[in-house]
Amino acid sequence: MAQSLELLLIQFLMPDNDARRQAEDQIKRLAKDPQVVPALVQHLRTAKTPNVRQLAAVLLRKRITGHWAKLSPQTKQEVKQSLIESITVENSPPVRRASANVVSVVAKYAVPAGEWPDLLTFLFQCSQSAQEDHREVALILFSSLTETIGNTFRPYFADLQALLLKCMQDESSSRVRIAALKAVGSFLEFTSDGDDVVKFRDFIPSILNVARKCIASGEEDVAILAFEIFDELIESPAPLLGDSVKSIVQFSLEVSCNQTLESSTRHQAIQIVSWLAKYKYTSLKKHKLVVPILQVMCPLLAESSDQEDDDDLATDRAAAEVIDTLAMNLPKHVFPTVFEFSSVYCQSTDLKFREASVTALGVISEGCYDLIKDKLEIILNIVLGALRDPEKMVRGAASFSLGQFAEYLQPEILSHYQSFLPCVLNAIEDTSEEVKEKSYYALAAFCENMGEEIVAYLDPLMGKLMEALQNSPRNLQETCMSAIGSVAAAAEQAFNPYAGRVLESMKFFMVLTNDEDLRARARATELVGIVAMSVGKQGMEPILPAFIDAAISGFGLEFSELREYTHGFFSNIAEILDDTFAQYLPRVMPLVFASCNLDDGSAVNIDESDDENVNDFGGVSSDDEAHDEPRIRNISVRTGVLDEKAAATQALGLFALHTKSSFAPYLEESLKIMDKHSGYFHEDVRLQAITGLKHILAAAHAIFQTHNDGSGKANELLDTVMNIYIKTMAEDDDKEVVAQACLSIADIMKDYGYVAIQNYLPPLVDATLLLLREKAACQQLEDESDDDDDDAGHDEVLMDAVSDLLPAFAKCMGSHFEPVFANFFEPLMKFAKASRPPQDRTMVVASFAEVAQDMGAPIAAYVDRIMPLVLKELGSRHATNRRNAAFCAGELCKNGGETALKYFNDVLRGIYPLFGESETDLGVRDNAAGATARMIVVQPQLVPLNQVLPVLLKGLPLKEDQEESMAVYSCIYSLVLASNPQIVSHVPDLVKIFGQVVESPVEKAEVKTIVGRTFSHLISVYGDQLHPLISGLPPSQANALAAFASSS
């Protein structure tokens, strides 16, 4: 075999394809015989040319796994000896590396079996050899052996680390330093033990030294390896970086802004800064690195290209990611520097710096929302000015930033609609397609959140949008449809005059079948669903069948995005039709189930290459190669499928919610899907499942009401849902998903009462405590936080949801909530500290207010701790804080018993300014009125009515927060009924107030009833004396008041 094999190896390397194929077939046949192993070993040692020796080593690596167990002990010994000789004597570096790879594979089987006891000894000796080649190959072997027999190294870890550190500091050989660097990377990938990983902190100066030398010598691929090591260290949960973070950042910034380097190298450097911003941001703040990072990253935004390609390595895009991540985690440290950069460079003569200045503002808009809104007018002027720039790149950046503002600076941005909308309406007629497209996006994001203010702009908006819809290329038609959808959603019924024309236009798009048109068809399907919400059931039902048919037919076109938007369309139709949507369930449920059960389509790329100098050897590979455990290099998920699955999961829940008992045939399968999706790998799908489970529960409640064994089945389903929710609260790592679980549990408590949670109270309390103490899985993202900092705090949405649980507990448990509340009190008070941001403090105050309202008298035990906070919050500069403080003060005075009495004067003093001209927030005034009313009802003798009533009545009727109406008008009723002398002089004012209340479209019937009862009592007391007052009212108010009085 040996002689024929040598000829075949030579023939395999010939350029002649036919000869190569013949050799490949012959080698494949010979490779089935175990004797191919010693034959290949012989050629590895004796072949005259390095290419043949290298090929022998590569084939040996591929075949030896399947044949090793069949070899005799003597042959095994000869193979091992030859491999060692090849490593130490071989002159060709590629052959040495290929031989090292064979050693790695043999060691995987030989070392654990005790067949190669002297291998590690040999490697340690080799690594300390005077010969550079020996030291290098030993380190190469340490790298490759880590993958196959890493556990064998554990007892020698300390020695190995010392050896690697020494080799990285080898000044006589760059090859040895580089090999040591690669070995460090391999060991870091292998080890998961925190104590072992921490020891690599000492390597950072040497890693930086090697990387710098490699950059200087042009070996950028090795420098990239250094960045990969830093990546491993950053993502490790162990506190690895320490003071070295400064050196890492400095080196990364040097590489990032070095335009002579390859884009891939610079991208790796920027990526390291991005990971630090994401995972170690408190370290960046502690070492004062945020500003230096921004001073490099902001100018890198100016390295944009006007090429319309998706370059994943684009420097400006990577820099924007860093700035965005820093803004999300450290907004107070980011905003001043970015704002200064933008203010300076928005006037630059360099168009790319003008573009960068505007882009930066858009990038930070989400993270720095609270800081931007205080300077919104200045910032908006910069961006709107850029929208008029002569250069289209600058205008494109401006339209991007306006879109970001419209999305993230809500609701403050809406008050600037008079300057925003005209500018954007001009921009959608820009000569640049990019500016048009981004302007449509900005328009869509802005209009989506507008209210009645949009009505004045409907004609110009719809005129331009409908014209663009008819005359634009497909990509602009798609964004145009999104904008029309946002206008329809904001305008609601006012959109009806335009609905017919829009729906007629959509019929054309909803039957397109060419691949290039399917995205437009998806947008059209979505738009019909949005317009349907504005038009309502009565307007849509007669014309709906044609749209339903078109939507269903789209499922046969194999386009995931179309299916995603169609599920959204059906969700909207279910909402407007409510229970009559049941007629469509037999047609749509199979489609929803199919999307929910789609294969995720994870695409895994596996790197099996043996050596960079050897091409494809697939023809001579063996089935046994599966045992080589190729390393997974990257995993990607087809996000289209993921989005479709999320939309289908959402639709499933909404169908259950709206069709109730008609959903019975689909209940069991739907619950299985929701259960499975609640543990899905991606948070978008989990979020929809957690939301949908509550809807499934509502449907089950309706279904099982008519069953004999209904309560048992309903309890089983409740058990499944509650266990999923409680597990999610504690274990899910996404804050939005956890927040939704909290809100869903709060809704279940409100809908079904204490009976729904009584069996789950201990674990539910534990999970809530975990979140209040910020110890849940979703709150463990930042491991190096050593201080209580506003920037590095919790997610506001999450903690608002957690704090909503407490009032829900109180509402369903009443005074029995107190022992549970005692556990929650201190963890919640932590968020009220002065160092916390205003939104934290008002969250606490609002939660206490609602707990006091429903828990009642037991709140007295906490008044002395809560009231000082509330009194301070009454003077907050934030309207939401003042509003919640007024509400809380009233509830504490009402339910706090004798403990609260000593605070009455302080509360009255704190509330008085909230009625004054300087208070511009109507909701604050309304809550101040509610608090005053509660105090009068519970302790009228402690309230100086002669001073208080004129102020209270001047603020009536309530303007915004009608939740306070019952408290206010019940108070007035009690004073009138008691013929309190202080109220008598205000009867004329009361009649005017009552007339406005009974005619108000926003006041509840029960409020109007209590007002009518009060007025009726006044008539019984004063009779004809009231006629002049009544005749002074507008006729509609006088008639409404008379009607309520007669029915009371």
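Residues numbered from 1 in each chain as written. Predicted model: local features only at pLDDT ≥ 70, side-chain atom pairs only at ≥ 80, totals over all residues. Heavy atoms only, no water.

Caption draft 1: Structural context of the overall build of the chain. Scanning the chain for helices and strands turns up 54 helices and two strands. The proportion of buried residues among the 1048 residues of the chain is 56%. Pairs at least 24 apart in sequence give 74% of the contacts found in the chain among residues at least 6 apart. Carbon together with sulfur atoms contributes 49% to the accessible area of the chain, which is approximately 44700 Å² in total. Here the chain holds 91 positive side-chain charges and 147 negative ones, and the gap between their average locations is 2 Å. (Helix = DSSP H or I, 4+ residues; strand = E, 2+ residues; numbered from the N terminus. Buried < 20%, exposed > 50% of the residue type's maximum accessible area, 1.4 Å probe, protein only. Contact = heavy atoms within 4.5 Å. Areas by Shrake-Rupley, 256 points an atom, 1.4 Å probe, with all protein chains shown as cover. Lys, Arg positive; Asp, Glu negative; His and termini not counted. Charge placed at Lys NZ, Arg CZ, Asp CG, Glu CD.)

Caption draft 2: Region of interest: the side chain of E355. One can find E355 in helix 20 (residues 351-363). K352 provides the closest opposite charge to the buried, unpaired E355, separated from it by 6.4 Å. Beyond its immediate chain neighbours, meaning those up to four positions away, E355 contacts S304, M393, V394 and A397. (Salt bridge = Lys/Arg side-chain N within 4 Å of Asp/Glu carboxyl O.)

Caption draft 3: Geometry of the pattern of salt bridges. Summed over the entire model, instances satisfying the criterion amount to 37 salt bridges. With a closest N to O distance of 2.8 Å, R474 and D517 form a salt bridge. You can see R474 sitting in helix 27 (residues 474-491) and its partner D517 sitting in the loop between helix 28 (496-509) and helix 29 (518-535), a full 43 residues away along the chain. We classify R474 as partly exposed; its relative accessible area is 25%. On the accessibility criterion, D517 (10% relative accessible area) is buried. Among the ionic pairs, D921 bridges to R883, the shortest N-O distance being 3.2 Å. Of this pair, D921 sits in the loop between helix 46 (904-911) and helix 47 (922-938) while R883 sits in helix 44 (residues 879-895); the two residues are 38 residues apart in sequence, bridging distant segments of the chain.

Caption draft 4: Inspection of a negative patch on the surface at higher detail. Together, D643, D684, E736, D795 and E796 line one region of the surface with negative charge. With respect to the secondary-structure elements, E736 resides in helix 38 (residues 735-752). (Patch = residues over 30% accessible without salt bridge, like charges linked within 9 Å, V, L, I, M, F, W, Y side chains within 5 Å.)

Caption draft 5: Just the packing of helix 41 (residues 818-829) against helix 42 (residues 838-855), in detail. Close contact between helix 41 and helix 42 brings their axes to 12 Å; oriented N to C, the two are set at 165 degrees. Relative to helix 42, the element helix 41 is oriented roughly antiparallel. Considering how the two elements wind past one another, helix 41 and helix 42 form a crossing that is left-handed. Two secondary-structure elements touch here, helix 41 through E818, F821, F825, L828 and M829 and helix 42 through M843, V844, S847, F848, V851 and M855. Tallied by class, the residues present in the contact of helix 41 with helix 42 amount to nine nonpolar, one polar and one charged. (Axes fitted to C-alpha atoms, helices over the stretch in contact; angles between N-to-C directions. Parallel < 35°, antiparallel > 145°, perpendicular 65-115°, else oblique. Left-handed = near helix turned anticlockwise from the far one by under 90°. Nonpolar A, V, L, I, M, F, W, Y, C, P; charged D, E, K, R; others polar.)

Caption draft 6: Structural detail: the packing of aromatic side chains. Applying the stated criterion across every chain yields a total of 23 aromatic pairs. Seen from their ring centres, F581 and Y584 are 5.8 Å apart, and the 50 degrees between their planes marks the pair as tilted. Here F825 and Y862 contribute two aromatic rings whose centre-to-centre distance is 4.9 Å and whose plane-to-plane angle is 45 degrees, an arrangement assigned as tilted. Residue F825 is found in helix 41, and its partner Y862 is found in the loop between helix 42 and helix 43 (863-873); the two are separated by 37 residues along the sequence. Under the relative-accessibility criterion, F825 is labelled buried at 3%. Each member of the aromatic cluster is reached from another via a ring pair, and the members are F809, F817, F821, F824, F825, F848 and Y862. (Phe/Tyr/Trp six-rings, centres within 6.5 Å; stacked < 30°, edge-to-face > 60°.)

Caption draft 7: Spotlight on unusual backbone geometry. The linkage connecting Q410 with the following residue, P411, adopts the cis geometry, with an omega of 0 degrees. Inspection of the secondary structure assignment puts P411 in the loop between helix 23 (392-408) and helix 24 (417-427). Residue P957 follows L956 across a cis peptide bond; omega there is 0 degrees. Mapped onto the secondary structure, P957 falls in the loop between helix 48 (945-954) and helix 49 (965-977). The backbone of K288 shows a phi angle near 55 degrees, a positive value even though the residue is not glycine. Within the secondary structure, K288 sits in the loop between helix 16 (281-286) and helix 17 (290-300). Exposure remark for K288: the relative accessible area of 69% places this residue in the exposed category. We note that K660 has phi near 45 degrees; this positive angle belongs to a residue other than glycine. Here K660 lies in the loop between helix 34 (639-659) and helix 35 (667-677).

Caption draft 8: Main features of the packing of helix 19 (residues 331-345) against helix 20. Relative to each other, helix 19 and helix 20 sit at 145 degrees, their axes nearing to 8 Å. Both helix 19 and helix 20 take part in a crossing whose hand is left-handed. In contact with V338, F341, S342 and Y345 of helix 19, helix 20 contributes F353, R354, A356, S357, A360 and L361. Looking at the contact of helix 19 with helix 20, its residues break down into seven nonpolar, two polar and one charged.

Caption draft 9: Representation of the nonpolar core. Within the largest apolar cluster, 364 residues are counted, with the highest numbers of intra-cluster contacts made by M297, F495, F655, F817 and Y969. By residue number, the principal contributor to this core is helix 40 (residues 796-813), which donates eleven residues. Those residues in contact with M297, other than ones at most four positions away along the chain, are L253, S256, I270, V273, A319, V322 and I323. In terms of nonpolar packing, the next biggest core, distinct from the first, is built from five residues, L518, A522, L562 and Y565 among them. (Core = buried A, V, L, I, M, F, W, Y, C linked by side-chain atoms within 4.5 Å.)

Caption draft 10: Spotlight on a nonpolar patch on the surface. A contiguous nonpolar patch, built from L7, I10 and M14 and spanning about 280 Å² of accessible area, is present on the exposed surface. For L7, a relative accessible area of 56% puts it in the exposed group.

Caption draft 11: Representation of the side chain of T1014 in the model. With respect to the element layout, T1014 can be found in helix 52 (residues 1005-1022). T1014 sits in the buried class, given a relative accessible area of 1%. Apart from the residues within four sequence positions on either side, T1014 is in contact with Y969, I972, Y973, V976 and F994.

Caption draft 12: Quick look at the confidence of the model for the chain. Scored by pLDDT, the chain comes out at a mean of 86, with 91% of its residues at no less than 70. When the criterion is pLDDT under 50, residues 782-794 qualifies, and its contacts beyond four places in sequence or with other chains add up to 43 contacts. (pLDDT = per-residue confidence, 0-100.)

Caption draft 13: Structural context of helix 14 (residues 244-256). Relative to the 18 Å expected for 13 residues at 1.5 Å per residue, helix 14 spans 18 Å between its end C-alpha atoms, a close match to the ideal helical length. Listed as buried for helix 14 are S244, V245, I248, V249, F251, S252, L253, V255 and S256. (Expected span 1.5 Å × (residues − 1).)

Caption draft 14: Geometry of helix 43. All buried positions along helix 43 are accounted for by V863, I866, M867, L869, V870 and E873. Down the axis of helix 43, the smallest arc covering the buried residues is 165 degrees, so these residues share one side. Structurally, helix 43 contributes buried residues whose contacts are with helix 41, helix 42, helix 44, helix 45 (897-901) and helix 46. (Arc of directions from axis to C-beta.)

Caption draft 15: Spotlight on the environment of Y969. Among the secondary structure elements, Y969 is positioned in helix 49. Separated by 38 residues in sequence, Y969 and V1007 place their C-alpha atoms 7.2 Å apart. Not counting residues within four places of it along the chain, the set of residues in contact with Y969 comprises L956, P957, L958, I993, V997, E1003, V1007, I1010, V1011 and T1014.

Caption draft 16: Representation of the environment of I229 in the model. Among the structural elements, I229 can be located in helix 13 (residues 220-235). For I229, a relative accessible area of 1% translates into the label buried. Separated by 648 residues in the primary sequence, I229 and R877 have C-alpha atoms spaced 48 Å apart.

Caption draft 17: Structural context of the environment of L163. By secondary structure assignment, the location of L163 is in helix 9 (residues 157-168). Judged by relative accessible area, L163 falls into the buried class, the value being 7%. C-alpha separation for the pair L163 and I983, spaced 820 residues apart in sequence, amounts to 91 Å. With sequence-adjacent residues up to four places away left out, L163 is seen in contact with F124, S127, Q128 and F142.

Caption draft 18: Main features of the state of the cysteines. Scanning all chains against the criterion turns up zero disulfides. We note that C893 lacks a disulfide partner, and the nearest cysteine sulfur, in C888, lies 9.4 Å from it. The class for C893 is buried, based on a relative accessible area of 2%. (Disulfide = S-S within 2.5 Å.)

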